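Listed here are the chains, written in short residue letters.
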Amino acid sequence: MSNIFVISGPSGVGKTTIYKKIIEDFRENISFSISATTREIRAGEKDGVDYHFLKEEEFEYLIAKGDFIEWEKVHNNYYGTLKSEIYRIWEDGKHCLLDIDVRGGLRIQKMFGEKAYLVFISPPSMEELEKRLRSRGTNDEESLKKRLSNASEEMEHKGFYNLVLKNETIDKAVQELREVIQKLI
Ligand code: 5GP
C-alpha cells in the first residue's frame with residue numbers, strides 16, 4: 001500500500017495552487033484523489049477532473065452503499081473521498097493526494113496511521129488571510145466572516161498534522177513541500 005498525502009487549510013490560503021504544482025512535479029508518483037461533492041460547479045471547473053459533481057440523492061445513495069472512505073458536510077454541501085478513487089490510484093502503483101478539510105484529514109489519519117501524511121497550509125496571519133479573501137472577491141461581509149470563522153476552527157486542529165506549512169509565498173511553500181515529499185516517496 002502506498003502513502004496518502006492529505007492537504008488541508010482554510011479557504012483562500014492557496015492550497016489548490018500548491019497541490020496542483022506538486023501533482024505536476026510528481027505526476028509519475030502521485031495522483032490527485034477526485035472527491036465527490038454536491039456543491040455547484042464553479043467557472044473553470046470540470047466534472048470528473050476537479051470533483052465528481054453529484055446530486056444530493058446520488059451522494060446519499062453512495063453513502064448508504066458504503067462507497068466513501070470519509071465524507072463530511074462542509075458549508076452545507078456534501079464532500080467525500082470515494083474508495084474507488086483510492087483503489088484506482090493504488091492499482092496504478094501511485095501515492096494519493098487528497099485536498100480535504102481537517103475533520104476528513106483527521107479521519108484519514110485515524111484509519112491509515114503512519115501511511116497518512118497530513119500537511120496543513122496556514123496563512124502568514126489571519127489579517128493576511130482576510131486580505132487575500134477580499135482580493136479574491138469575497139467582499140460580502142457575511143460570507144467573509146463565515147470563511148474567517150471556519151478558518152480559525154480549522155487552525156485549531158493544525159497541531160495534529162504532520163507538517164504545518166506557512167504560505168508566505170507560493171514558491172517557497174511549494175519548494176518546502178516538494179523537499180518533504182521527495183524524502184517520503
Ligand atoms: P471547495 O468547495 O472550496 O472546493 O472546498 C471546500 C472544502 O471542502 C475545502 O476545505 C476542501 O478541502 C474540502 N473538501 C473537498 N473535498 C473533500 C472530501 O472529499 N472530504 C472532505 N472531508 N472535505 C473535502
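None of these values were measured; they are calculated from a predicted model.

Student: Got a sec to walk through the nonpolar core? Specific residues and values, please.
Tutor: The biggest cluster of nonpolar side chains holds 27 residues, and the ones touching the most others in it are L97 and L177. With 5 residues, the top contributor of residues to this core is helix α7 (residues 170–184). Judged by nonpolar contacts, the second largest core, of 17 residues, contains L98, I108, L118 and F120.

Student: Lay out the pairing of strand β7 (residues 95–99) in plain terms, naming residues and giving numbers.
Tutor: For β7, a buried count of 5 out of 5 residues is recorded, marking the element as mostly surrounded by other parts of the structure. As paired strands, strand β1 (residues 4–8) and β7 are joined by 4 bridges and run parallel to one another. Bridge pairing links I4 to C96 in β7. Sheet analysis places strand β2 (residues 30–32) next to β7, joined by 3 bridges and oriented parallel. Bridge pairing in β7 links I30 to H95.

Student: Any chance you could break down the layout of surface pockets for me, citing the residues and the numbers?
Tutor: Taken as a whole, the largest pocket holds about 1100 Å³ of empty space. Residue lining of the largest pocket: 41 residues in total, with S11, K15, Y51, Y79 and D99 positioned closest to the centre. Those elements that place two or more of their residues in the lining of the largest pocket are α1 (15–25), β5 (68–74), β6 (77–82), α4 (102–112) and α6 (141–155). Split into classes, the residues belonging to the lining of the largest pocket amount to 11 nonpolar, 14 polar and 16 charged.

Basis of the calculations
Residues numbered from 1 in each chain as written. Predicted model: local features only at pLDDT ≥ 70, side-chain atom pairs only at ≥ 80, totals over all residues. Heavy atoms only, no water. Core = buried A, V, L, I, M, F, W, Y, C linked by side-chain atoms within 4.5 Å. Buried < 20%, exposed > 50% of the residue type's maximum accessible area, 1.4 Å probe, protein only. Helix = DSSP H or I, 4+ residues; strand = E, 2+ residues; numbered from the N terminus. Pairing = 2+ DSSP bridges. 1 Å grid on protein atoms, 1.4 Å probe; cavity = no way out; pocket = protein on both sides within 12 Å on 5 of 7 lines; lining within 4 Å. Points joined across faces, edges and corners; volume = space filled by probe spheres on them. Nonpolar A, V, L, I, M, F, W, Y, C, P; charged D, E, K, R; others polar.

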